[in-house]
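Chain by chain, the residues:
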Amino acid sequence: MNHTARYTALLALLLGQLATPDGMAATAGYAIQDRLALSGDGKWDYASIDASHQRLYVTHGNQVQVLDLATHKAAGAIAGTEGVHGVAFAPELNLGFTSNGRSDSVTVFALDSLAVRQHVKVGGKNPDAILYVPQARQLYVFNGNSADVTVFDVPSMRIVSTIKVGGRPEFAVSDGAGRIYLNIEDQNAIEVIDIAAGKVVAHWPLAGCEEPTGLALDIAHARLFAACKNKLAAVVDARDGKHVAGFAIGAHPDAVAYDAATGRIYVSNGDSATLTVAQQLTPDRYSVLAQVPTAAGAKTMAFDPATKNVYLPASIGGGLKVLVVAPAEQ
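Residues numbered from 1 in each chain as written. Predicted model: local features only at pLDDT ≥ 70, side-chain atom pairs only at ≥ 80, totals over all residues. Heavy atoms only, no water.

Q: Would you mind showing me how to read the overall build of the chain here?
A: Helices and strands together make up the secondary structure of the chain, namely one helix and 28 strands. Over its C-alpha atoms the chain spans a radius of gyration of 19 Å, differing by no more than 12% from the 20 Å that the globule rule assigns to 330 residues. With the principal axes as the frame, the chain shows a C-alpha extent of 55 × 45 × 35 Å. Across the 330 residues in the chain, those meeting the buried criterion constitute 56%. For the chain, the share of sequence-separated contacts (at least 6 apart) that also reach a separation of at least 24 residues comes to 42%. For the chain, the accessible surface area stands at approximately 13,300 Å², while carbon and sulfur atoms represent 52% of it. (Helix = DSSP H or I, 4+ residues; strand = E, 2+ residues; numbered from the N terminus. Rg over C-alpha atoms; globule rule 2.2 N^0.38 Å. Buried < 20%, exposed > 50% of the residue type's maximum accessible area, 1.4 Å probe, protein only. Contact = heavy atoms within 4.5 Å. Areas by Shrake-Rupley, 256 points an atom, 1.4 Å probe, with all protein chains shown as cover.)

So this is what it looks like as structure tokens:
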């Protein structure tokens, strides 16, 4: 047995020892370590981390609230973002961007001061997911109600193209090498955008996956992780769209994160009030480590690869809070 095979066998044995009698992995090792209170209540959506300034952004109604990751204290807010969904960052330009669903616009702000620079119309309807691609210096805004993607040049914020997609776009990720992958929620599929060509070049049906939302990418092994409404995470080969594996998650998932350093995948499940933690044994084999109790409605999250903390917004006791889930050994 070679070194890689021996490591895989030992890891599989260890994970088997952690399993409970019903086959579900134990929750030992992860727990809620803190609850961070934010002002106001109401709807919230994405949570995102700006690693360059070590800040957590939580989109919340008509504003984005910003927390300092080192102190867990408020760092400021970005107002006037009507129906805000997502946030993207261009640290080399000191710029951030929000997608504002009710005003069909993007707000551009400074990452250091949080000062608003401008508001720009997107052309599409209900911008939701938002993605900055530094290699192309382009901002991609995924419009849920018009089934298209508005592409901006950055920093000029000039619209350079509109890309039609096959249905309602959800989360999107870039491979850093010219491709963008996005879930098509109402078509149970993943589509691929070629950045240079400026168009969709592949449509991959997700057999057995209903209404995919969250999406993450393991670049080293070319694996996509899509969170499905029917309590399943689908694992797809990012080169050809082949379904290679899957693992059990909870109900109403809306975010996925992959940690390249540990090979762990995190999925936040709002209706089940759980955080699924799964281990990548090989690119085609996965084992669920934990279903960590969180809170009802905690469907979105942000993962900090430096600390391994997971931040999950939820309405608790009449106010918005951010749950901080971390490995117990921390």
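Q: When you look at the sheet that holds strand 19 (residues 223–228) in this model, what are you seeing that I'm missing?
A: Through backbone hydrogen bonds, the strands of a sheet pair up, either in parallel or in antiparallel fashion. The strand order 18-19-20-21 describes an open sheet built from four strands, whose pairing is antiparallel. Among the strands making up the open sheet, the edge pair consists of strand 18 (215–218) and strand 21 (243–248). Shown here is a sheet whose adjacent strand axes are inclined to one another by a mean of 20°, direction ignored. The sheet contact formed by strand 18 and strand 19 spans four bridges and is antiparallel. In the strand pairing of strand 19, Leu-217 is matched with Leu-224. (Pairing = 2+ DSSP bridges. Axes fitted to C-alpha atoms, helices over the stretch in contact; angles between N-to-C directions.)

Q: I'm lost on the state of the cysteines in this one. Help?
A: Structurally, a disulfide amounts to a covalent bond that connects the sulfur atoms of two cysteines. Within the structure shown, the criterion is met by one disulfide. Each sulfur of the disulfide joining Cys-209 and Cys-228 lies 2.0 Å from the other. Linking Cys-209 and Cys-228, the disulfide has an S-S dihedral of approximately -105° and is accordingly described as left-handed. Remark: Cys-228 occurs in strand 19 and Cys-209 occurs in the loop between strand 17 (199–205) and strand 18; sequence separation between them is 19 residues. (Disulfide = S-S within 2.5 Å.)

Q: Even after reading the chapter, I still don't get the packing of aromatic side chains, so can you show me in this structure?
A: Applying the stated rule across the entire model yields ten aromatic pairs. For the ring pair Tyr-30 and Tyr-266, a centre distance of 6.2 Å and an interplane angle of 75° mean the geometry is edge-to-face. Taken as a pair, Tyr-30 in strand 1 (residues 30–37) and Tyr-266 in strand 23 (residues 264–269) lie far apart in primary sequence, 236 residues in all. The class of Tyr-30 is buried, set by a relative accessible area of 10%. Residue class for Tyr-266 comes out buried when judged on its relative accessible area of 1%. (Phe/Tyr/Trp six-rings, centres within 6.5 Å; stacked < 30°, edge-to-face > 60°.)

Q: When you look at the nonpolar core in this model, what are you seeing that I'm missing?
A: Inside soluble globular proteins, nonpolar side chains tend to come together where they are buried. Judged by nonpolar contacts, the single largest core of 68 residues is most densely connected at Leu-56, Tyr-140, Phe-142, Ile-180, Tyr-181, Leu-224 and Leu-275. The element that contributes the greatest number of residues to this core is strand 28 (residues 319–327), accounting for five residues. Setting aside residues no more than four positions away along its own chain, Tyr-181 makes contact with Phe-171, Ala-172, Val-173, Asp-175, Ile-190, Glu-191, Val-192, Trp-204, Leu-215, Leu-217, Leu-224 and Ala-238. (Core = buried A, V, L, I, M, F, W, Y, C linked by side-chain atoms within 4.5 Å.)

Q: Hey, could you run me through unusual backbone geometry in this one?
A: Residues other than glycine predominantly adopt negative phi, and peptide bonds predominantly adopt the trans conformation. For the bond running from Val-154 to Pro-155, omega is 15°, close enough to zero to count as cis. Counting through the fold element by element, Pro-155 comes out in the loop between strand 12 (148–153) and strand 13 (158–164). Even without being glycine, Lys-231 reaches a positive phi, approximately 60°. Take Lys-231: it is sitting in the loop between strand 19 and strand 20 (232–237).

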